[in-house]
Amino acid sequence: MKSAGVLRRVSEHMAVKAHDEAVIILENKKINEKYFKLTFRSKKLAQGVKPGHFLMMQIGDLNDPFLRRPFSYYRASADRIEVLYEILGYGTSLLSEKKKGETLQVMGPLGNPFSAVVPQAQSQKKSSSRKKRVLVAGGVGVPPLVFFSEKNKSDYLLIGTKSKQEVMPKKELAKVKAKVLFSTDDGSYGVKGRVTLLLEDVIEKEGAENIFIQTCGPMPMMNAVMALAKKYEIPGEASLDKTMGCGVGVCLGCMVKTHEGWVPSCTEGPVFSFDDIVEAGV
Ligand SMILES: Cc1cc2nc3c(=O)[nH]c(=O)nc-3n(C[C@H](O)[C@H](O)[C@H](O)COP(=O)(O)OP(=O)(O)OC[C@H]3O[C@@H](n4cnc5c(N)ncnc54)[C@H](O)[C@@H]3O)c2cc1C
Ligand code: FES
């Protein structure tokens, strides 16, 4: 394992101090067939947060489940934090039963966020044309990229879901500063098929040389996005969805193979440049 700080990504971001705090739930409600939204207040956990940062949440009491679970920040203001989550197993199921007024032990902000600035090629720095930012999201990758596109002007936000029932309510997307396009596996909303179909359309329309991709979602989706990026030589970043045990580089449960060797995703990522990744995992 390489020591922290070997990757280009890390040096671009100022380290933000993480805090571990018991927070009181303000709201925990189902917003559609797929997502629940959890809201709590904390000045410390909101300090310095950027889209792509994540937090580690102790969900149960008496250490059951024993390991904390990682979640992206969905929104963070001065002292108010939102997390958007879907039920995937024991921990998230337990979380969905939490009520207003109950407490959760939460540590954050952790990891490295998405780049706010789109890197430009030398030739583009001089010319008036700028690379367009294309965000590609699915599943648990939708929250950080919606947060990102509320904070940073983007050109496209492409969202892939299984069906219309899982599409984010319009209200949740009202502050997104990007053209939002949807794909659904069953064709019940937007384009029928995978989100990579939308990406291929954008590549064709804008030209591969004019695009910068930032992606977050299920690993098969991100692997497909990165395969397209490789084919068309498009630069970008992926927030890797690795299973995490500690979130602070201790358990080595979230290792990613990079050109600098194996590194923990929780401290060196979760956002990696496509160029840095050798194997993202499945
Ligand atoms: C950096 C990061 C940010 C994340 N942000 C969010 C978020 O904003 N919203 C959200 O809903 N989820 C997010 N996740 C995923 C979330 O951590 C998992 O869904 C959660 O840990 C599952 O816990 P569980 O106890 O419910 O499931 P478990 O009982 O632990 O597992 C049940 C099922 O979920 C799968 N699973 C476990 N961990 C993950 C994972 N990391 N990704 C995908 N599937 C998993 C398992 O393979 C298994 O099939 C994020 C993960 C990472 C690494
Ligand atoms: S989650 Fe423990 S090292 Fe990354």
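All figures in this text were calculated on a predicted structure; none of them were measured in a lab.

Side note on the overall build of the protein chain
- Broken down by element type, the protein chain carries eight helices and 17 strands.
- In summary, the protein chain has a C-alpha radius of gyration of 18 Å against a globular reference of 19 Å for 282 residues, a match within 12%.
- Overall, the C-alpha framework of the protein chain stretches about 55 × 45 × 35 Å when taken along its three principal axes.
- In the protein chain, buried positions account for 54% of the 282 residues.
- Considering only residue pairs separated by 6 or more positions, the protein chain has 64% of its internal contacts joining residues 24 or more positions apart.

Some remarks on unusual backbone geometry
- For the bond from Gly108 to Pro109, the omega torsion is -5°, close enough to zero to count as cis.
- Note that Pro109 resides in strand β7 (residues 103-110).
- In this structure, the amide linkage connecting Gly269 to the following residue, Pro270, adopts the cis form with an omega of 5°.
- Note that Pro270 resides in the loop between α8 (265-268) and β16 (271-273).
- Even without being a glycine, Glu233 presents a positive backbone phi close to 55°.

Side note on the sheet that holds strand β15 (residues 261-264)
- Taken in spatial order, the three strands line up as β15-β14-β17 in an open sheet, and their pairing is antiparallel. Where the open sheet ends on each side, the last strands, each with one partner, are β15 and β17 (277-279). Direction aside, the axes of adjacent strands within the sheet are offset by 50° on average.
- Bridge count for strand β14 (residues 255-258) against β15 is four bridges, and the pairing is antiparallel. Each bridged residue has a counterpart across the sheet, and for Lys257 the counterpart in β15 is Trp262.

Things to note about the packing of aromatic side chains
- By the definition in use, this model includes four aromatic pairs.
- Between Phe36 and Tyr85 the ring centres are 5.4 Å apart and the planes differ by 20°, which places this aromatic pair in the stacked class. Remark: Tyr85 occurs in strand β6 (residues 80-86) and Phe36 occurs in strand β2 (residues 35-41); sequence separation between them is 49 residues.
- Overall, the relative accessible area of 1% leaves Tyr85 in the buried class.
- With a centroid separation of 5.9 Å and 75° between ring planes, the pair formed by Phe114 and Phe148 is classed as edge-to-face. Linking Phe114 in the loop between β7 and α4 (122-126) with Phe148 in helix α5 (residues 142-151), this pair joins segments that are 34 residues apart in sequence.
- One aromatic cluster in this structure is built from Phe36, Phe71 and Tyr85.
- Directly above the ring of Tyr35 sits Lys34, whose terminal nitrogen or CZ lies 5.9 Å from the centroid.

Focus: the domain arrangement of the protein chain
- Looking at the protein chain, the domain boundaries give domain 1 (14-110) and domain 2 (123-279).
- Each of domain 1 and domain 2 was reduced to a C-alpha centroid, and the two centroids are 22 Å apart.
- If you look at the interface, domain 1 gives 25 residues, while domain 2 gives 25 residues.
- Both faces combined, the contact of domain 1 with domain 2 buries some 2100 Å², and carbon together with sulfur accounts for 63% of it.
- One salt bridge connects Glu166 with Lys34, and the closest N-O pair in it is separated by 3.4 Å.
- Viewed at the interface, domain 2 and domain 1 are joined by nine residue pairs in polar contact (both at pLDDT 80 or more).

Thoughts on the packing of helix α6 (residues 195-206) against helix α7 (residues 219-232)
- Their axes nearest at 10 Å, the elements α6 and α7 cross at an angle of 20°. Comparing the axis directions of α6 and α7 gives the class roughly parallel. Where α6 crosses over α7, the two elements pack in a sense that is right-handed. Here Val195, Thr196, Leu199, Glu200 and Ile203 of α6 come into contact with α7, specifically with Met221, Ala224, Val225, Leu228 and Tyr232.
- Residue composition of the contact of α6 with α7, grouped by class: eight nonpolar, one polar and one charged.

Thresholds, definitions, all that
Residues numbered from 1 in each chain as written. Chains lettered and ligands numbered in written order. Predicted model: local features only at pLDDT ≥ 70, side-chain atom pairs only at ≥ 80, totals over all residues. Heavy atoms only, no water. Helix = DSSP H or I, 4+ residues; strand = E, 2+ residues; numbered from the N terminus. Rg over C-alpha atoms; globule rule 2.2 N^0.38 Å. Buried < 20%, exposed > 50% of the residue type's maximum accessible area, 1.4 Å probe, protein only. Contact = heavy atoms within 4.5 Å. Pairing = 2+ DSSP bridges. Axes fitted to C-alpha atoms, helices over the stretch in contact; angles between N-to-C directions. Phe/Tyr/Trp six-rings, centres within 6.5 Å; stacked < 30°, edge-to-face > 60°. Lys NZ or Arg CZ within 6 Å of the ring centre and 35° of its normal. Domains from an automatic or database assignment. Buried area = accessible area lost by both parts, 1.4 Å probe. Salt bridge = Lys/Arg side-chain N within 4 Å of Asp/Glu carboxyl O. Polar contact = N/O pair within 3.5 Å; in protein donor to acceptor, adjacent residues only side chain to side chain. Parallel < 35°, antiparallel > 145°, perpendicular 65-115°, else oblique. Left-handed = near helix turned anticlockwise from the far one by under 90°. Nonpolar A, V, L, I, M, F, W, Y, C, P; charged D, E, K, R; others polar.

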